[in-house]
Structures are given as C-alpha cells and as structure tokens.
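Remarks on the overall topology
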Amino acid sequence: MSRQLRYVDAEEAGILAGRVQHIRRLAAGWVEHGQAASLTMLVARRGIVVMHEAYGRLGPEPDAPPLPLDAVYPLASVTKPIMATCAMCLVEDGVLGLNRPVQE
C-alpha cells in the first residue's frame, strides 16, 4: 500500500515549533560556517512532514545555484560509520570487547 506524505505545520504534527526553528538555525549555521558544504533535511513524524529544506549551493562555485530539494549526493563508504556504531552498541551491551581476541 502506497502512502503519500502530508506536509503540515509543527503543531499539527505534535512537534514544538521552536524545536523545528532550532533545527533550521543549526542547519543554516553548519553550512554558513563551512561544517557542511550543503545539506538537505527532512523532519517528519508518523508520515507527516513538518520541515523539508535544502541549505547551501549545488556546487563549490560562489555563483552555483541554490541546492534543490531533490539534489543527489555522492556517497562513499557509508557502511563504515554504521558498522562502527553497531560495534560500539555491542561493546556497550557487553557482547563484544575491544581488547578481547577476535576468536572470542
């Protein structure tokens, strides 16, 4: 069954509007201060979208067009941070030890 996402304001989705504004400020600041060249953010709750915005430019040139919402980002080696997070969760649960021999 296919479901369409609905776009509503934060309060209708049960999210504080101030929190969404805080996310907007953070995202804009990350791009402005060079922590991210560009980014696209979508905030949703239970299939209801309260924010979908793009920050930055489509390319590194100062006159590059603004980043569109449907920009395609090149991804490489995205599994490494996910695996590292999973491994640290196992360490936290006591299932994996960073100093234990691999055969254990």
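Here goes a summary of the coordinates provided. Everything quoted here is computed from the prediction, not taken from an experiment.

Overall, mixed pairing links the 3 strands, which are arranged 1-3-2 in an open sheet. Bordering the open sheet on either side are strand 1 (6-7) and strand 2 (38-45), each of which pairs with just one other strand. Bridging between strand 1 and strand 3 (residues 48-56) involves 2 bridges; their strand directions are parallel. Looking at the pairing, R6 lines up with I48 of strand 3.

Before going further, it helps to spend a moment on the pattern of salt bridges. Counting across every chain of the model gives 2 salt bridges. Across the pair E12 and R6 runs a salt bridge, and its minimum N-O distance is 3.8 Å. Residue classification places E12 among the exposed residues on the basis of a relative accessible area of 52%. Looking at R6, the relative accessible area reads 44%, which means it is partly exposed. A salt bridge links E53 to R24, with the nearest nitrogen and oxygen atoms 2.5 Å apart. Remark: R24 occurs in helix 1 (residues 17-32) and E53 occurs in strand 3; sequence separation between them is 29 residues. For E53, a relative accessible area of 21% gives the class partly exposed. According to the relative accessible area criterion, R24 is partly exposed, its value standing at 22%.

To continue, consider a nonpolar patch on the surface. On the surface, a nonpolar cluster with roughly 330 Å² of combined accessible area is contributed by L5, Y7 and L42. Inspection of the secondary structure puts L5 in the segment before strand 1. Given a relative accessible area of 47%, L5 falls into the partly exposed group.

What follows deals with helix 2 (residues 79-92). When the terminal C-alpha atoms of helix 2 are compared, their 20 Å separation across 14 residues agrees well with the 20 Å that a helix rising 1.5 Å per residue should span. The positive-phi residue at the C-terminal boundary of helix 2 is G94, with phi of around 80°.

Located in the positive-phi region is R46, a residue other than glycine, with phi close to 55°. Here R46 shows up in the loop between strand 2 and strand 3. Assessed through its relative accessible area of 68%, R46 is described here as exposed.

Basis of the calculations
- Residues numbered from 1 in each chain as written.
- Predicted model: local features only at pLDDT ≥ 70, side-chain atom pairs only at ≥ 80, totals over all residues.
- Heavy atoms only, no water.
- Pairing = 2+ DSSP bridges.
- Helix = DSSP H or I, 4+ residues; strand = E, 2+ residues; numbered from the N terminus.
- Salt bridge = Lys/Arg side-chain N within 4 Å of Asp/Glu carboxyl O.
- Buried < 20%, exposed > 50% of the residue type's maximum accessible area, 1.4 Å probe, protein only.
- Patch = residues over 30% accessible without salt bridge, like charges linked within 9 Å, V, L, I, M, F, W, Y side chains within 5 Å.
- Areas by Shrake-Rupley, 256 points an atom, 1.4 Å probe, with all protein chains shown as cover.
- Expected span 1.5 Å × (residues − 1).

In short, the description is geometric, and any link to function would need to be established separately.
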